[in-house]
Structures are given as C-alpha cells and as structure tokens.
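Here are the chains, one letter per residue:
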Amino acid sequence: MSVTSSRAARLATAAIVLVGLWTAPGCSVRKFAITRVANALTAGSSVWARDDDPELVRDAVPFALKTFESLLETVPEHRPLLLSSCSGFTQYAYAFVETDAELIESESYREARRLRERALKLYLRGRDYCLRSLELRCPGIGERILLEPEPAVAACRERDVELLYWTGAAWGSAVSLGKDRPEIVADLPAVTALMRRALELDEDYGDGAIHEVLVVLESLGSNLGGSVERAREHYRRAVELSGGRRASTHLALAESVAVPQQDRAEFTRLLELALAVDPDGDPDSRLQNVIVQRRARHLLERADELFFEELPAGSGGD
C-alpha cells in the first residue's frame, strides 16, 4: 500500500470509528477516543505534500478537511487539529480553487470570479482556525492584533512559529485576493506583524517560506506600507534558504512584482526558473512544485494578455 493510500485508509477508518463514537454513551469516553483519533490524524508530516498526482489529492482533501471539522466539534481546543485545518483549507484554496480560477479566466471570467470568491472564503475559514489556536496560546490576541499588531504578536515564542506562519499565510492570501475590499485590506498590518514575528523567531522555517509570503505582502504597494525593494530582498533570501528547490518563490516575484511593473523579460526569466525546478528534488515540496509549475506554464501562455506593448515614440495622441 502506498503512503497516500495508507493516509486515505486512516481517514476512512477514522470516519467509521467516528460514527460509532458519536452514538456511543458517555461524553467523557467519547471525547477521549476522539482526541486519540485527532492525535493520530495530525501526527507527523502530511503525505499530501509528497504526492505527484494533484487530481488524486484534489479529490481526497475535502473529505479530510470535513473530518477535521467534525472532530473539532467535540475537541474544539485541540491545537494540532486547529493548525491542520488552517493549513489544509489554505493549501486547498490555493492549489485547487484560486489556481483553477487563473487557468480558466480567459475562457470564463464569470466562473473565474466565482472561484476567487470561493477561495477567499476558504482562506478566511482557514485563518479563523489558526486564530482560535493562537487564542489558546495568547488569550485576547485575536482582538488585540487588529488594534496593536506588533505588541500583540510580541508574546509569541519560537514554539509558535508554525502557527504564526499559517495564520499569516491564510490571512495574507485573503488580503491579496481581496485587494478591492477595504475591510479585508485593513487587516494587512496584522498579517505583516504575524509574518515579521515569525521571521524574527525562525528565519529558516520552511526553507524560506516566510520570506516568500513577505514577497507578496511587500509588493502590495507603498500606500499599504509595502516596498518593491524589500520584496526583492525577501525573494533573494528565500531562494538562498530553499536552495532553489521551491518553484513558488520564483512565481511569487513574477506575479507580484514583474507583472505590476510590466517587466516581461523578468517575468519570463522567473517563470523559466520555476519550471526548471525538479519536483523530485525535494519530496516534501513535490505536490506544491507540480501545481506551481502548472500555473507557471499557463502564465507564460497568457503573457500577451498580461503585458502591454509600448507604443513607438510619437505614435499616440492622433
């Protein structure tokens, strides 16, 4: 049995067990048993990331996420389960909803818009699970982070880096997708504070994953406190820390900086770097690299739509 099949079997078994547990007598016994199931499902690293078949994972992940949510009904303060729910909804939204919107936009703008709206909701859903977990670590942080972002996250420690990262990744993805919504963009200082605190505590986390998120956040514009120069610095550091094994780092700068600056040469170079990454070079990032490379190929095909040719001198205005 493959590792992925083994994980699927564990989830299927868990579902069967849960049916019995929810109808079993004794609240304390049921809660203890469900906690054991939750511990088993969230132990160790996820095998989803190592798979090379996006469609197989696309079909399997929703069942896993709903299983997590069902478990949380009984054990609402199970921190690993809250983190797995947060990261799961965030990754699913990016890989299979927002990316789908990008792939079909030229064929159906209306459907692409619907998918982006769905992705936004999934990002916020994931964020809320992480915020619930942060509240268990630092009571009151959910409210305070909106008023005093930096003092609010100062209480977080190195043990909280993964939680800080996924809270910021989910929330930041929502902000990036909802740039036309002031009520969402207003949360950017909170997102930036989360990621900068995570960076202070463990710069190496995820082989440069924090720097990669900051590439996107810094690219949102100087009027939102961002800086293209800082975005490029984060890009360079992310590449160094990952050893060039993450295609998503190159894609982040291509989409967030090269397109807005209308630098087609840099855009092409970055996407070619993304496509040159060997998905098998880092098994723990295999699925991510496969999905990102699919998006990179599509963006290269759409380059003519994304970049405007400059008019020859003296040709305009008549």
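Residues numbered from 1 in each chain as written. Predicted model: local features only at pLDDT ≥ 70, side-chain atom pairs only at ≥ 80, totals over all residues. Heavy atoms only, no water.

A.B. asks: Before we go on, may I ask you to explain the nonpolar core in this structure?
C.D. replies: Residues L134, Y165, W166, W171, I210 and L217 are the most contacted members of the largest nonpolar core, which totals 64 residues. The residues contacting W166, other than those within four sequence positions of it, are L83, C86, S87, T90, Q91, C130 and Y205. Counting residues in hydrophobic clusters, the runner-up holds 22 residues, among them V259, L271, V277 and V292. (Core = buried A, V, L, I, M, F, W, Y, C linked by side-chain atoms within 4.5 Å. Buried < 20%, exposed > 50% of the residue type's maximum accessible area, 1.4 Å probe, protein only. Contact = heavy atoms within 4.5 Å.)

A.B. asks: I would appreciate a short explanation of the environment of G140 in the present structure.
C.D. replies: The residue G140 is located in the loop between helix 5 (109–137) and helix 6 (141–147) in this model. In this structure the C-alpha to C-alpha distance between G140 and A152, which are 12 residues apart in sequence, comes to 8.7 Å. (Helix = DSSP H or I, 4+ residues; strand = E, 2+ residues; numbered from the N terminus.)

A.B. asks: Is there a simple way to think about the packing of aromatic side chains in this case?
C.D. replies: For any pair of aromatic rings, the description rests on two quantities: the centre-to-centre distance and the angle between the ring planes. Inspection of every chain in the model, using the stated rule, returns five aromatic pairs. Ring centres 5.6 Å apart and planes at 50° place the aromatic pair Y92 and F96 in the tilted group. Here Y92 and its partner F96 are both found in helix 4 (residues 79–104), four residues apart, which amounts to about one turn of the helix. Among the aromatic side chains, those forming a connected cluster through ring pairs are Y165, W166 and Y205. (Phe/Tyr/Trp six-rings, centres within 6.5 Å; stacked < 30°, edge-to-face > 60°.)

A.B. asks: For this particular structure, what's the right way to read the environment of A155?
C.D. replies: Considering the arrangement of structural elements, one finds A155 in the loop between helix 7 (149–153) and helix 8 (161–177). Its relative accessible area of 44% is what places A155 among the partly exposed residues. Measuring from C-alpha to C-alpha, the distance between A155 and R197 comes to 9.6 Å, with 42 residues separating the pair along the chain.

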